[in-house]
Amino acid sequence: MTLDWTVILGLAAGICTTVAVIPQIKKAWKTKKVEDVSPGMFSILILGVFLWIIYGIIQNDLPIIAANGISLGLNSVMLYLMLRYRKKE
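Calculation rules
- Residues numbered from 1 in each chain as written.
- Predicted model: local features only at pLDDT ≥ 70, side-chain atom pairs only at ≥ 80, totals over all residues.
- Heavy atoms only, no water.
- Helix = DSSP H or I, 4+ residues; strand = E, 2+ residues; numbered from the N terminus.
- Buried < 20%, exposed > 50% of the residue type's maximum accessible area, 1.4 Å probe, protein only.
- Areas by Shrake-Rupley, 256 points an atom, 1.4 Å probe, with all protein chains shown as cover.
- Lys, Arg positive; Asp, Glu negative; His and termini not counted.
- Charge placed at Lys NZ, Arg CZ, Asp CG, Glu CD.
- Core = buried A, V, L, I, M, F, W, Y, C linked by side-chain atoms within 4.5 Å.
- Contact = heavy atoms within 4.5 Å.
- Polar contact = N/O pair within 3.5 Å; in protein donor to acceptor, adjacent residues only side chain to side chain.
- Axes fitted to C-alpha atoms, helices over the stretch in contact; angles between N-to-C directions.
- Parallel < 35°, antiparallel > 145°, perpendicular 65-115°, else oblique.
- Nonpolar A, V, L, I, M, F, W, Y, C, P; charged D, E, K, R; others polar.
- Left-handed = near helix turned anticlockwise from the far one by under 90°.

Student: Requested: an account of the overall build of the protein, with residues and values cited.
Tutor: Check the secondary structure of the protein and you find four helices and zero strands. For the C-alpha atoms alone, the extent of the protein along its principal axes is close to 50 × 20 × 15 Å. Each of the 89 residues in the protein was classed as buried or not, and the buried ones make up 26%. Surface accessibility of the protein: about 6500 Å² in total, with carbon and sulfur atoms responsible for 70%. Side-chain charges of the protein comprise 9 positive and 5 negative groups, with the mean position of each set lying 15 Å from the other.

Encoded structure:
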């Protein structure tokens, strides 16, 4: 794999979308408040990154597999925190 501008662009995009959820995870972990975070949105996002992993496997594209694999883990952690800390009504 050569590092031409399209590979660099793809890696930068993967890094950005993968780490985007980290501030939300840190805030939820620290405050234990998740009422304003949508579990539906994270559920759909988790499904989407799972499908990206499948696509990456089919295309044999390691950056897609790696970025979305990490993203799947991080977004799953956030969904877990939402389920754990949400207030019972």
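Student: Go over the environment of I22, please, and point to the residues and values.
Tutor: Here I22 shows up in helix α2 (residues 22–31). Given the relative accessible area of 33%, I22 is considered partly exposed. Note: C-alpha distance between I22 and I46 (24 residues apart in sequence) is 15 Å.

Student: If you had to explain the nonpolar core to someone new, which residues and values would you point to?
Tutor: Burial of nonpolar side chains together is a common tendency in soluble globular proteins. Membership of the largest hydrophobic core is limited to 12 residues, which are V21, I25, A28, V34, V37, F42, I46, M78, L79, L81, M82 and Y85. Elements supplying a minimum of two residues to this core: α2, α3 (39–59) and α4 (62–85). Apart from the residues lying within four places of it in its own chain, the contact partners of Y85 are A28, W29, K32, V34 and E35.

Student: Lay out the environment of D4 in plain terms, naming residues and giving numbers.
Tutor: In this structure, D4 sits in the segment before α1 (5–19). For D4, a relative accessible area of 36% translates into the label partly exposed. Here the side chain of D4 touches T6 through a polar contact of 2.8 Å, side chain to side chain. Looking at D4, its side chain comes within polar contact range of the main-chain nitrogen of V7, at 3.1 Å.

Student: If you had to explain the packing of α1 against α4 to someone new, which residues and values would you point to?
Tutor: It is at 9 Å that the axes of α1 and α4 come closest, and there the two elements cross at 5 degrees. Classified by the angle between their axes, α1 and α4 sit roughly parallel to one another. On the side of α1, the interface is formed by L11, G14, T17 and T18, while α4 contributes P63, A67, I70, S71 and L74. Counted by class, the contact of α1 with α4 contains five nonpolar, four polar and no charged residues.

Student: Explain the packing of α2 against α4 residue by residue, including any values.
Tutor: For the pair α2 and α4, the least separation of the axes is 10 Å and the interaxial angle reads 25 degrees. Accordingly, the angle class assigned to the pair α2 and α4 is roughly parallel. Here α2 runs over α4; the crossing is left-handed. Between α2 and α4, the contacting residues are I22, Q24, I25, A28 and W29 on the first element and L74, V77, M78, L81 and Y85 on the second. Across the contact of α2 with α4, the residue classes tally to nine nonpolar, one polar and no charged.

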